[in-house]
Each structure stands twice: as structure tokens, then as C-alpha cells.
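# Remarks on the overall topology
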Amino acid sequence: MPRKFSKNRTNSFRKRVYEVVRKIPQGEVATYKEVAKLAGSPRAYRAVGNILNKNPNLEMISCHRVIKSDGRVGGYKYGKNKKTSLLKKEGITIKQGRVIF
DNA sequence: TCATTGGCTATCA
DNA sequence: CTGATAGCCAATG
């Protein structure tokens, strides 16, 4: 069976990302860049997306609170529409697909 | 173990 | 806005 070898780090970048994302309170949003930075790699924004995309606990992590640095909602595994809807429900103001801080 | 690909991005032309 | 490129982690082969 496919087995990936971990990168002997103190904490997997993945775990860090999960923790950071989980810390995001409702009604607030963070950018992938910020999350990546807090996770320990300011340039791993893409990795964050990849991780969250295949994340094993999508329902456990509020990955929908993570948006692009431009203010755009970005993508979502369940569909950007779902993501936007969730954000709106949490009190985030979205105008024409853009998040207003 | 290494090589290649992919992705909820970022940045620049 | 579109396209290309960059730099990163994880999954797949």
C-alpha cells in the first residue's frame, strides 16, 4: 500500500496548518499566506491548499475561513459556492465574490 | 528513496 | 483579466 515517508520535522507542516486554521474564529478569515506563515513556511501557501484539499478532516477544520490574499474566496473542495455561503453565514461580508474585511 | 504531478496560491509581465 | 512562473508540501508512480 502507498506509504509516504514523513519529513522528520518537529511537527508536520500539515499539523501546523490544521492548528492554525482551527484557531480562526467565526466571523474572521485568514489568507493562505498568513496560514502558511504561521505554520512555519511563509512560502508554502500552495502546500496549504494542497493539504487542505486532501485533508482527512475537512469537516473538523474550518478550511472555509481561509481565503486568498487578494480578498477573493478562492477555491473549495465542495465548491466555491459552498465556501462563500458558509462565510456569509458566519458574518463575513462578500461582495461579488470578494471578501470585505 | 527518488522523480513527477497536482493544488482551496502568490507574484509578475 | 489572462498567462507564465515560482516555491512548497503531500500524494502517487
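Right, let's walk through the structure included here. (Residues numbered from 1 in each chain as written. Chains lettered and ligands numbered in written order. Predicted model: local features only at pLDDT ≥ 70, side-chain atom pairs only at ≥ 80, totals over all residues. Heavy atoms only, no water.)

## Overview of the side chain of Arg-65
The condition is simple: Note on conventions: DSSP H or I runs of at least 4 residues are helices, E runs of at least 2 residues are strands, and numbering of each starts at the N terminus. Within 3.5 Å is the distance limit for a polar contact, defined as a pair of N or O atoms, with the added protein rule that one can donate a hydrogen and the other accept it, and that residues adjacent in sequence qualify only through two side-chain atoms. Residue contacts are defined here by distance: any two heavy atoms, one from each residue, within 4.5 Å place the two residues in contact.
With respect to the helices and strands, Arg-65 occurs in the loop between helix H3 (45–53) and strand S2 (66–67). Reaching out from Arg-65, the side chain makes a polar contact with the backbone oxygen of Ile-24 at a distance of 2.5 Å. Not counting residues up to four positions away in its chain, the partners in contact with Arg-65 are Ile-24, Pro-25, Gln-26, Glu-28, Val-29, Ala-30, Leu-87 and Glu-90.

## Quick look at the protein's contact with DNA strand B
Here is the rule we go by: Throughout this document, a residue counts as near a molecule or strand when at least one of its heavy atoms sits within 4 Å of that molecule or strand. Note on residue classes: Ala, Val, Leu, Ile, Met, Phe, Trp, Tyr, Cys and Pro are nonpolar, Asp, Glu, Lys and Arg are charged, and everything else, Gly too, is polar.
The environment of DNA strand B is made up of 19 residues, and the closest members are Tyr-32, Lys-33, Arg-46, Asn-50 and Gly-75. For DNA strand B, the backbone portion of the atoms within 4 Å of the protein, that is sugar and phosphate, comes to 44%. At 2.9 Å, a backbone N or O of Leu-52 approaches a base nitrogen of DNA strand B. Within the contact set of DNA strand B, a sugar or linking oxygen lies 3.2 Å away from a backbone nitrogen or oxygen of Tyr-76. Elements supplying a minimum of two residues to the surface near DNA strand B: helix H2 (32–39) and H3. By residue class, the composition of the surface near DNA strand B is eight nonpolar, six polar and five charged.

## Comments concerning the packing of aromatic side chains
Quick reminder of the rule: Pairing of aromatic rings covers Phe, Tyr and the six-membered ring of Trp, with a centre-to-centre limit of 6.5 Å; geometry is then stacked below 30 degrees between planes, edge-to-face above 60, and tilted otherwise. Only protein chains enter the area calculation, which uses a 1.4 Å probe; residues under 20% of their type maximum are buried, those over 50% are exposed, and those in between are partly exposed.
Within the structure shown, the criterion is met by one aromatic pair. Geometrically, the ring pair formed by Tyr-76 and Tyr-78 is tilted, given 5.8 Å between the ring centres and 55° between the ring planes. Given the relative accessible area of 52%, Tyr-78 is considered exposed.

## Concerning the environment of Ile-61
The residue Ile-61 is located in the loop between H3 and S2 in this model. Assessed through its relative accessible area of 2%, Ile-61 is described here as buried. Between the C-alpha atoms of Ile-61 and Tyr-45, which are 16 residues apart in sequence, the distance is 17 Å. Once residues lying within four places of it in the same chain are set aside, the contact partners of Ile-61 are Tyr-18, Val-21 and Arg-22.

## Things to note about the nonpolar core
Soluble globular proteins tend to bury their nonpolar side chains together. Stated formally: Buried Ala, Val, Leu, Ile, Met, Phe, Trp, Tyr and Cys residues that are joined via side-chain atoms within 4.5 Å together make up what is termed a nonpolar core.
Counting 20 residues, the largest nonpolar core has Phe-13, Val-17, Val-21, Val-35, Val-48, Leu-52 and Val-66 as the members making the most contacts within it. Contributing elements (two or more residues each) for this core: helix H1 (13–23), H2 and H3. Looking at this core element by element, the count peaks at five residues for H1. Beyond its immediate chain neighbours, meaning those up to four positions away, Phe-13 contacts Ala-36, Ala-39, Gly-40, Ser-41, Ala-44, Ala-47, Val-48 and Ile-51. Counting seven residues, the second-largest nonpolar core is a separate cluster that includes Val-29, Leu-87, Ile-92 and Ile-94.

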